[in-house]
Structure formats: C-alpha cells, structure tokens
Amino acid sequence: MAPRELHPPHDADTGDDADTRCDADTPYACDTPYACDSPYDFDTPVDRHGTWCTQWDYVEDRFGVPGLLPFTISDMDFETAPEVLAALRGRLGHGVLGYSRWRHPDFLDAVTGWYRQRYDTEVGPETVAYAPSVLYQAGVLLDLWSRPGDGVVTHTPAYDAFPRLVAAHGRELRGCPLGDWDTFERLIALPDTSVLLLCSPHNPTGHVWTPAELDRMAELCARHGVAVISDEIHSDLAHPPHVHHPWARHARTPGRWAIVTSASKSFNIPALTGSYGIIGDPEAHAAYLTRLKDADGLSSPAVLMLTGTIAAYEEGGPWLDALRGYVADNLRMVADRLNSAFPQLGWQPPEAGYLAWIDLRPLGVDDDALQRELIHHEKVAIMPGTTYQAPGFVRLNVGCPRAKAAAGVDALVRALRTLLA
C-alpha cells in the first residue's frame, strides 16, 4: 500500500482554526525535533483503510462517527519487522497450508530462547503451551483455578477486557487501585479470592512492576493460596531504565501460576492470531491442554503464527529495539507538547508501551464534553478513561508515525483549550 502524502503539521500553539482539524481522510505530517537514526523506517505512513482494520475501518462502531483519525485499540500502524515479513512470504511460497503442530523444537526453542536472552530467565519447554489467544488461555485457567462466584483480584484502572472475561466466567472482579497495598492484601486474604489476574506491565498505565513489588504479590498469594495469571503481552516494550521481570522469576513453588502472552503486541502481528503461555503447575498444564484439544478442539495453530513468532524471536530483536526507541521519542514529544500547553499536568511518559495514559483531572474538564469536542470538532478518536473505569483520563495510542502522533496530541490540546476557554 502506498504511503500518504504529507501536509504541514498542526501546531500545539494554534487556535481553533477549522482548517486545522484532524481528519482520517486527510494526510498528516509534523516537523518535530525528534529524530531516530534507526535503519528501519517508522516515519512513512501506511494506509490501512480497506483492510478490515478494526482501528481505522471500524472506528464508527465505538465512537459513532465514521472517518475519525484513530488513536484507539492497542495495535500499531507500523509494518512488522522485515525479518518477520520475509519469513511469512517464504512460508506462503511453499503453497500448502495444512494442519500444523506447535509442540516441536523450532517453536519451543524460539520461546525459551527469547526468555533466556531477553530476560535472563530459564523456561522449561515442558511448561510452554499454545493458545488461540491470551484471553482464551486466561479464561481456561480461571475455570481450572476457581469456582463460579469466587473473587478475582486485578489492579485498577483495568484493561477493559478483564472485567468482561471475569464476568463471562461467572467470577467476581475485585478491583484494587494501583499502588494501594492495604487494599491488595485485604482482597487477596478474603477466603473466596481464588485468582490474581495480573497485568505486567500494567495496561493502561504502562507501569513496570519492580522485583520488590512482584515478590510482595507472590508472597501474599502463596500465603493465602491464590493462583496467579500474569498477562505479560506488553513485556517486550518496557522503556529503559525500566526492566520487565517475568512472573516465572518470582512465583513461589509449588504454586499455581501462569504467564499468558504473545509476540503480537511487540511485533504488531495480532492478525496472525495465536499466543502461548507458561504454566508452572504440571497438573494445570495437562488439564489446560485437555481443554484446548479435547473439549474445545483448538490445538492446531495457525502456521503463519508459528512462522511469525519464530522469526520475530530469532531475528527480530534489532527491529524491536529500534521500535521501542522510536515510540519512546513519540511519548517524549507528547509530554513536551502537552506540558507546554498545560504545565499543571506535569505528564510523564509511561514506563512501558505505546499507550499514553494521561491524567486530565487537574484541568477539571468533563469527560463527555471532551469526547464530543474530540469527535465532532477535532475529528479524532481517543479512548476515554471511563473505558478502563478511570474518569478524568484518556488513553492516546502513539504506536504510529510521529506525524500522526503529533496530530493526535495537538488535537487533544486544542480540544482542552476550547473547553477551558
């Protein structure tokens, strides 16, 4: 697909000139001072219209208006690593797309090697398990480690799929405000709390848990017999000096714990479907595979998922490091423009990921009024904090070319100025 042509940037200091409004059908550009000396091209836009793209083609489903410039769900607007694309093209060139298996050294060695090289963590291949999705695996483990009506603790604000998942499995979600250890210990100690559903790094805030925090959670869960399901799908996107620490390094043994994750967020390949987990309890590992294969008939993975994951983990490291640097510069640009316009926010980039979680409460703006201004006047789609049970916040996806990221933050600044005028 051909890249879009570019037009002069929106300036965070401009007024409300209607000609500067964002439009998903209008090209965008910016002349930020942030530069990346990477050999990879993250600046050239890729037109995603007409590709059945959730973020671009179906923005009306969530926001009620078509044609908005989207900064919404957590996928990126970048092409994946060229090494991954080359591997996929090579596999398609074979021409036969039959049933496949995941329990073979090519896949297992790629996963265990990634943990060894990236996280200095040894993962036994016997603990790895394929899953059609992270949420599918988390749901099966909820069924194995809890009963209907049991409590499931998670940190709030919460990834919006967690409440739906827990409710669909007939469990009770127990939200613990991030950083509130007294509430965390009280909830974990309740006799009918069965599972901690951890998000590590945390979505939507981007918090990277420290070893001390993980040890504290692990000790409390072990003391009260609470199983741990750690969603670590954002783990590869921790920004230095912050370092992700896999739950496998902190879990108490013997214990019921699992990591559920995928290469999809790191390498922008969610459309390949598929994920994997690391299940520390052998009985739970066996029970999970029985459910996967015999009860649900989902044990045959998409061969392109296997191909893409193997290539990503074995060859994609340099691309991922360059991507993370580019995204970090996007986030610094957001901080500079936002804080220049509203110094009282003092906004700091997240410790991980490409999702700018922005606390607007110091400005006292109304959530609904802000969304109306963004949607109907600025023509942008930015996720409201209410989606994550956090009024007064927004979540801005800047996993995109810098020009688009600048257009998004500038639209947010203009909308806020309009409401505060």
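Just so it is clear, the model here is predicted, and its values are computed rather than measured.

Thresholds, definitions, all that
- Numbers given for residues are sequential positions, taken from 1 along each chain in its written order.
- Where local features are concerned, this predicted model is filtered to residues with pLDDT of at least 70; where side-chain atom pairs are given and counted, the filter is 80 or more; whole-chain, interface and lining totals use all residues.
- To get the side-chain values, all heavy atoms of the structure are used, and hydrogens and water are removed first.
- Each helix is a run of DSSP H or I of at least 4 residues and each strand a run of E of at least 2, with the numbering of both proceeding from the N terminus.
- Our radius of gyration is a C-alpha quantity, and the globule rule it is checked against amounts to 2.2 Å times the number of residues to the power 0.38.
- For each residue, the accessible area found with a 1.4 Å probe, counting protein chains only, is set against the maximum for its type, and the residue is called buried under 20%, exposed over 50%, and partly exposed in between.
- Residues are treated as being in contact if the distance between any of their heavy atoms lies within 4.5 Å.
- Residue-level accessible areas treat just the shown protein chains as cover; the underlying method is Shrake-Rupley with a 1.4 Å probe.
- The charge count treats Lys and Arg as positive and Asp and Glu as negative. His and the chain ends do not count.
- In this description, the location of a charge corresponds to atom NZ of lysine, CZ of arginine, CG of aspartate or CD of glutamate.
- Of the grid points, spaced at 1 Å and generated over the protein atoms alone, those admitting a 1.4 Å probe that cannot get out make up cavities, while open sets with protein on both sides within 12 Å along at least five of seven lines make up pockets; any residue with an atom within 4 Å of a point is treated as lining.
- Grid points are joined across faces, edges and corners, and a volume is the space filled by probe spheres set on the points.
- Note on residue categories: nonpolar means Ala, Val, Leu, Ile, Met, Phe, Trp, Tyr, Cys or Pro, charged means Asp, Glu, Lys or Arg, and polar means any other residue, Gly included.
- Residues belong to one nonpolar core when they are buried, are Ala, Val, Leu, Ile, Met, Phe, Trp, Tyr or Cys, and are joined through side-chain atoms within 4.5 Å.
- Helix axes use the C-alpha atoms of the stretch in contact, all axes being lines fitted to C-alpha atoms, and the angles between their N-to-C directions lie in the range 0 to 180 degrees.
- The hand of a helix crossing depends on one turn: near helix anticlockwise from the far one by less than a right angle means left-handed, and clockwise means right-handed.
- Summarising the geometry, the arc corresponds to the directions from the helix axis toward the C-beta atoms.
- N or O atoms closer than or at 3.5 Å make up a polar contact, with two conditions inside protein: a donor-capable atom paired with an acceptor-capable one, and, for residues adjacent in sequence, both atoms drawn from side chains.
- When DSSP finds at least two bridges between two strands, those strands are taken to pair.

Draft legend 1. Molecular detail of the overall build of the protein. The helix and strand inventory of the protein stands at 14 helices and 11 strands. For 421 residues, the compact-globule formula gives about 22 Å, and the C-alpha radius of gyration of the protein, at 22 Å, lands near that figure. Dimensions of the protein along its principal axes, counting C-alpha atoms only, are 65 × 55 × 40 Å. When the 421 residues of the protein are sorted by exposure, 57% land in the buried category. For the protein, the proportion of contacts with a sequence separation of at least 24, taken over those separated by at least 6, is 76%. Carbon and sulfur atoms make up 51% of the accessible area of the protein, which totals about 17,400 Å². Where the 34 positive side-chain charges of the protein centre and where its 56 negative ones centre are 5 Å apart.

Draft legend 2. Focus on the layout of surface pockets. What the largest pocket holds in volume is close to 1,400 Å³. In terms of lining, the largest pocket is formed by 47 residues, of which the most central are Asp75, Asn268, Ile269, Pro270 and Ala271. Of all elements in the fold, only α1 (54–57), α3 (82–94), α5 (134–145), α6 (161–168) and α9 (264–267) reach the threshold of two or more residues within the lining of the largest pocket. If you tally residues by element for the lining of the largest pocket, the top one is α3, at three residues. Looking at side-chain class alone, the lining of the largest pocket contains 22 nonpolar, 14 polar and 11 charged residues.

Draft legend 3. Structural detail: the nonpolar core. Among the nonpolar cores identified, the biggest contains 120 residues, and Phe107, Leu196, Trp247, Phe267 and Ile358 are the most heavily contacted of them. The element best represented in this core is helix α12 (residues 317–341), accounting for 12 residues. With residues near it in sequence (within four places) discarded, Phe107 still touches Trp102, Val128, Tyr276, Met305, Leu306, Thr309 and Ile310. Val59, Leu68, Trp357 and Ile375 belong to the second-largest nonpolar core, a separate cluster that totals 11 residues.

Draft legend 4. Representation of the packing of α3 against helix α11 (residues 303–315). Between α3 and α11, the least distance of the axes is 8 Å, while the angle of their chain directions is 145°. Relative to α11, the crossing made by α3 is right-handed. Note on element contacts: α11 touches α3 through Val303, Leu304, Thr307, Gly308, Ala311, Ala312 and Glu315, opposite Glu83, Val84, Ala87, Leu88, Arg91 and Leu92. Residue composition of the contact of α3 with α11, by class: eight nonpolar, two polar and three charged.

Draft legend 5. Region of interest: helix α7 (residues 181–189). When we look at burial in α7, the residues that qualify are Trp181, Thr183, Phe184, Leu187 and Ile188. Within α7, the buried residues cover an arc of 155° as seen down the axis, which keeps them to one side. Where α7 is buried, its residues touch β3 (151–156), β4 (172–177), β5 (193–199) and α8 (211–223). With a side-chain oxygen lying 3.4 Å from the backbone nitrogen of Asp182, the N-terminal cap of α7 falls on Asp180.

Draft legend 6. Here's a closer look at the sheet that holds strand β8 (residues 275–279). With mixed pairing, seven strands are arranged side by side in an open sheet as β2-β8-β7-β6-β5-β3-β4. Looking at the sheet topology across the chains shown, the edges are occupied by β2 (128–131) and β4. Looking at each pair of strands side by side, their axes are set apart by 25° on average, direction ignored. Here β3 pairs with β4 via six bridges, running parallel. Across the sheet, the residue bridging to Gly151 is Glu172, located in β4. Its contacts with the sheet put helix α10 (residues 282–295) on β2 and β8, and the angle it makes with β2 is roughly 25°.

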